[in-house]
Amino acid sequence: MAFLLAVTGSASAPGTSRTARLVHDLGRQLAAHGHDVHHLDVRDLPAEALLSADARDPDVARAVDLVARADALIVASPVYKAAYSGVLKTFLDLLPQYALHGKPVLPLATGGSPAHVLAVDYALRPVLTSLGADVAQGWFVLDRHIVVDTDGAVTLTPETREALAPVVDRFRDALGAGARLAAA
Ligand SMILES: Cc1cc2nc3c(=O)[nH]c(=O)nc-3n(C[C@H](O)[C@H](O)[C@H](O)COP(=O)(O)O)c2cc1C
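Keep in mind the model is a prediction, meaning the values are calculated, not measured. (Residues numbered from 1 in each chain as written. Predicted model: local features only at pLDDT ≥ 70, side-chain atom pairs only at ≥ 80, totals over all residues. Heavy atoms only, no water.)

1. Some details on the overall build of the protein chain
As a reminder of what qualifies: Where helices and strands are cited, they refer to DSSP runs of H or I of at least four residues and of E of at least two residues respectively, numbered from the N terminus. The cut-offs for exposure are 20% and 50% of the maximum accessible area for each residue type, with area from a 1.4 Å probe on protein chains only; residues under the lower value are buried, those over the upper are exposed, and the others partly exposed. The criterion used for residue contact is that any of the two residues' heavy atoms lie within 4.5 Å. For every accessible area listed, the method is Shrake-Rupley and the probe measures 1.4 Å; residues are considered covered only by the protein chains on display. By the counting scheme adopted, Arg and Lys are positive, Glu and Asp are negative, and His together with the chain ends is not counted. In plain terms, the charge of a residue is placed at NZ if it is Lys, CZ if Arg, CG if Asp and CD if Glu.
Tallying secondary structure elements over the protein chain gives six helices and eight strands in all. Ordered by position from N to C terminus, the α and β elements of the protein chain give β-α-β-α-α-β-α-β-α-β-β-β-β-α. Taking the principal axes of its C-alpha atoms as reference, the protein chain extends roughly 40 × 40 × 30 Å. Within the protein chain, the fraction of its 184 residues that count as buried is 46%. A separation threshold of at least 6 residues defines the contact pool for the protein chain, and within that pool the share at least 24 residues apart is 78%. Carbon and sulfur atoms form 56% of the exposed surface of the protein chain, whose accessible area is close to 9,000 Å². With 16 positive and 20 negative side-chain charges, the protein chain shows a separation of 2 Å between the mean positions of the two kinds.

2. Things to note about the pattern of salt bridges
For clarity, the cut-off: We count a salt bridge whenever a side-chain nitrogen from Lys or Arg sits within 4 Å of a carboxyl oxygen from Asp or Glu.
Summed over the entire model, instances satisfying the criterion amount to seven salt bridges. Ionic pairing is found between aspartate 25 and arginine 161, a salt bridge with its closest N-O pair at 2.9 Å. You can see aspartate 25 sitting in helix α1 (residues 18-32) and its partner arginine 161 sitting in helix α6 (residues 158-183), a full 136 residues away along the chain. Close ionic contact of aspartate 169 with arginine 172 constitutes a salt bridge, the shortest N to O distance being 3.4 Å. Of the two residues, aspartate 169 and arginine 172 are both situated in helix α6; the distance of three residues between them amounts to about one turn of the helix. On the accessibility criterion, aspartate 169 (37% relative accessible area) is partly exposed. Relative accessible area serves as the criterion here: at 28%, arginine 172 is assigned to the partly exposed category.

So this is what it looks like as structure tokens:
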């Protein structure tokens with residue numbers, strides 16, 4: 001069982017963020033396979049500490065410590081201006097240089113246009129790699145494929161669920177391989 005941290009970097013409130021809803025859906029799937037899933041919404045951290053890169057702020061320090069303790073991470077962002085969000089970047093910039101060394105990381109993005117599907121590979125993947133992550137194949141989900149019902153329940157369209165299933169399976173395999181390496 002891995003301690004899995006899901007970091008969401010959306011500017012939208014967690015209650016309305018499609019990115020956060022996608023991440024929680026995947027988190028539930030991974031928890032159902034026995035993993036210990038925790039969520040970190042960067043938007044919940046103090047904005048001034050993030051903008052001034054104040055790693056001594058107690059909330060920021062706790063968040064950085066969660067990253068250090070995580071066996072693996074999901075890192076998710078909406079696409080803003082063809083890249084990942086500034087909200088996410090404020091947090092990544094606070095991490096030590098190799099904070100993700102050897103950790104399997106699943107990058108995810110949501111966006112409004114299929115034209116920006118490569119933002120995962122051209123924007124998010126390089127910054128995670130520079131932090132030392134063992135970056136898994138990521139995925140981009142169109143915002144309109146994350147459907148929020150009137151009662152707040154979230155449904156992923158069948159094509160999204162089908163496309164995500166092998167991505168999640170491969171990530172689960174990577175978690176298993178990481179655990180085997182740590183035990184060896
Ligand atoms: C400021 C801003 C910029 C955006 N830029 C893009 C973009 O360049 N490409 C794209 O595909 N979607 C873009 N979008 C759409 C969002 O990525 C998309 O709706 C996303 O799912 C929102 O996630 P959220 O609900 O977590 O905020 C943009 C949205 C905002 C608010």
